[in-house]
Amino acid sequence: MNATAEILKHKIESFTPELLQTLARMVEKLEMQNRFSVPQFQMDEVLYRIQFHNENPKTKLDFYENISELEKNFA
């Protein structure tokens, strides 16, 4: 991962100012898309279920298999 980041860093450092601006806009759009891909009410529901399960550990989290995918999307 560090090697990939270093390669990208060296390539980005050689970009023209115009190309840097274009890349920055593209990355910003990607970040916004990732942030808004899950509706807030669903995030609230997941948080509520996790809190409830923490308070009542004998309950089953019916979405447990999907939580690792959720963590990847919002890490």
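Residues numbered from 1 in each chain as written. Predicted model: local features only at pLDDT ≥ 70, side-chain atom pairs only at ≥ 80, totals over all residues. Heavy atoms only, no water.

1. Regarding the overall build of the chain
Regarding its fold elements, the chain presents 4 helices and 0 strands. When the helices and strands of the chain are read in sequence order from the N terminus, they spell out α-α-α-α. Looking at the chain as a whole, 8% of its 75 residues are labelled buried. For the chain, the exposed area adds up to about 7,000 Å²; of that, 58% sits on carbon and sulfur atoms. (Helix = DSSP H or I, 4+ residues; strand = E, 2+ residues; numbered from the N terminus. Buried < 20%, exposed > 50% of the residue type's maximum accessible area, 1.4 Å probe, protein only. Areas by Shrake-Rupley, 256 points an atom, 1.4 Å probe, with all protein chains shown as cover.)

2. Considering the pattern of salt bridges
Under the defined criterion, the tally for this structure stands at 1 salt bridge. Linking E45 and R49 is a salt bridge whose minimum nitrogen-to-oxygen distance equals 3.0 Å. Taken together, the residues span about one helical turn, with E45 and R49 both in helix α3 (residues 40–55) at a distance of 4 residues. (Salt bridge = Lys/Arg side-chain N within 4 Å of Asp/Glu carboxyl O.)

3. Focus: a nonpolar patch on the surface
Among the surface-exposed residues, L8, I12 and L20 lie close enough to one another that they form a single nonpolar patch of about 230 Å² accessible area. Here L8 lies in helix α1 (residues 2–13). (Patch = residues over 30% accessible without salt bridge, like charges linked within 9 Å, V, L, I, M, F, W, Y side chains within 5 Å.)

4. Some points on the environment of R49
Among the residues examined, R49 registers a relative accessible area of 30% and is labelled partly exposed. Spatially, the C-alpha atom of R49 lies 9.7 Å from that of K60, the residues being 11 residues apart in sequence.

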